[in-house]
Amino acid sequence: DTDKKDLILILDNLPCGIAVLGSPFGNVNFINKAVVSTLGYTLPDVPSTKAMLKQAIPDPKARAEASRQWKQIVKSGGGSNVGQYICADGNIRTFENRSVILRKNLIVNLWIDVTRRETAETQLRESEARFRSFFEKSADPFLLLDGNCVVDCNLAAQNMFDCHDKNRILGKTIESLSPERQANSAMSSRKFRTLLTSVRKNGSHRSEWTIRTNMGKEIPVEISISTIALRGKNFLFTVLRDITPWKEAEKILLHDKTSLENRVRERTSDLIAANKRLLREIQTRKKSEQETRRSRED
């Protein structure tokens, strides 16, 4: 009796619901407090198993399907299923029911409230679906990296790399899609490792990069990388922006700046030469005036 009381005490204080059945359909020998509380009841007002099931699954067809699944679990010697139940307070909650059939007159059911988990998973699936739509339809070139390996890309990225077959991009490293060296002469592999270190430290990074298209053309891009969680795993979401017009504008500005500096130097040189000529003329004039005054005095 002491052992039995100790066992009941242990079962009653478990965080998950426990029900011990004396037969597959009915004969509830024991239910712990967690089953009662998660279903929204108190011990004095717990209805019969049949009445509780009818209230939890009011739709006859859904109840018949739950009964069919339960029969299959009993026949298989145990198993689990997930279902939604209307609780006593009217709220709909999701439970995972794990059953162990020890023998026909001894069945143990574990009731685990997974409402939050299911809600989170649903929201995650919806957010991933929205991300997938955004990823595919965006006009900006996107790459999805696992480490430095491309695992997905959108049509805009295919167009940027001039690669109509997506599979020719997937599986490639970001370095293999770039020239051996970047514009600053750094090795692409070394510069990308530095970039990844910054992403891991700060969560994101933006830098200039050079890619090489399928036709061998080199394109300057702005590369923005940030971490993103998909399907329970972290990936690197990479955005590429063609900055060729910016670079061409920089060249024009640099050329104009150089030309301007050259013109300024030339003008400065001319002004210095003119100042020297003017100074000589002034000195010559003064000398002439001094000689004229001495001649008059004599």
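Every value quoted in this text rests on a predicted model; they were computed, and no experiment measured them.

Caption draft 1: How the structure looks around the pairing of strand S4 (residues 92–103). Relative to S4, strand S3 (residues 78–86) is paired through nine bridges, and the arrangement is antiparallel. Its bridge partner lying in S4, Gly79 is registered against Ser99. One ladder, built from eight bridges, connects S4 with strand S5 (residues 106–113); its direction is antiparallel. Within S5, the residue paired with Arg103 across the bridge is Leu106.

Caption draft 2: Fine view of the pairing of strand S1 (residues 17–21). The element S1 is extensively covered by neighbouring structure, given that five of its five residues are classed as buried. Here S1 shows two buried faces, one formed by Gly17, Ala19 and Leu21 and the other by Ile18 and Val20. Pairing of S1 with S5 involves five bridges; the strand directions are antiparallel. By the bridge assignment for S5, Val20 is matched with Val108. Where S1 meets strand S2 (residues 28–31), three bridges bridge the pair, whose relative direction is antiparallel. Opposite Val20, over in S2, you have Phe30 as the bridge partner.

Caption draft 3: Representation of the pattern of salt bridges in the model. Tallied over the full model, the rule gives eight salt bridges. With its nearest N and O atoms 2.9 Å apart, the salt bridge here joins Arg132 to Glu136. Of this pair, Arg132 and Glu136 are both found in helix H5 (residues 115–137), four residues apart, which corresponds to roughly one turn of the helix. Given the relative accessible area of 29%, Arg132 is considered partly exposed. A relative accessible area of 34% places Glu136 in the partly exposed class. For Asp152, the salt bridge goes to Arg132, with nearest N and O atoms at 2.7 Å. Placement of the pair is Asp152 in strand S7 (residues 149–153) and Arg132 in helix H5, with a sequence separation of 20 residues. Residue class for Asp152 comes out buried when judged on its relative accessible area of 10%. Among the charged side chains, a salt-bridge network with shared partners connects Arg132, Glu136, Asp152 and Lys166.

Caption draft 4: Structural detail: the side chain of Ser99. Positionally, Ser99 belongs in strand S4. Side-chain polar atoms of Ser99 contact the side chain of Asn109, separated by 2.7 Å. Once you skip the residues sitting within four places of it in the chain, Ser99 turns out to touch Trp70, Ile73, Gly78, Gly79, Val108 and Asn109.

Caption draft 5: Representation of the sheet that holds S2 within the structure. As summarised here, the arrangement of the five strands in space is S2-S1-S5-S4-S3, forming an open sheet in which the pairing is antiparallel. Here the strands that pair on one side only, and so sit at the sheet edges, are S2 and S3. When the angles between neighbouring strand axes are averaged without regard to direction, this sheet yields 20°. The strands that helix H4 (residues 60–76) touches are S1, S3, S4 and S5; relative to S3, the one it contacts most, it runs at about 160°.

Caption draft 6: Up close: the nonpolar core. Membership of the largest hydrophobic core comes to 23 residues, with the highest contact counts inside it found for Leu143, Phe161 and Phe192. Counting residues per element, the ones that place at least two in this core are strand S6 (142–146), S7, helix H6 (155–160), helix H7 (188–202), strand S8 (204–212), strand S9 (218–230) and strand S10 (233–242).

Caption draft 7: Here's a closer look at the environment of Pro179. Counting through the fold element by element, Pro179 comes out in the loop between H6 and H7. Judged by its relative accessible area of 5%, Pro179 is buried. Sequence separation between Pro179 and Ser189 is ten residues, and the spatial gap between their C-alpha atoms is 9.8 Å. When sequence neighbours within four positions are dropped, the list of residues in contact with Pro179 reads Ser188, Thr210, Ile211, Arg212 and Glu218.

Definitions and cut-offs
Residues numbered from 1 in each chain as written. Predicted model: local features only at pLDDT ≥ 70, side-chain atom pairs only at ≥ 80, totals over all residues. Heavy atoms only, no water. Pairing = 2+ DSSP bridges. Helix = DSSP H or I, 4+ residues; strand = E, 2+ residues; numbered from the N terminus. Buried < 20%, exposed > 50% of the residue type's maximum accessible area, 1.4 Å probe, protein only. Salt bridge = Lys/Arg side-chain N within 4 Å of Asp/Glu carboxyl O. Polar contact = N/O pair within 3.5 Å; in protein donor to acceptor, adjacent residues only side chain to side chain. Contact = heavy atoms within 4.5 Å. Axes fitted to C-alpha atoms, helices over the stretch in contact; angles between N-to-C directions. Core = buried A, V, L, I, M, F, W, Y, C linked by side-chain atoms within 4.5 Å.

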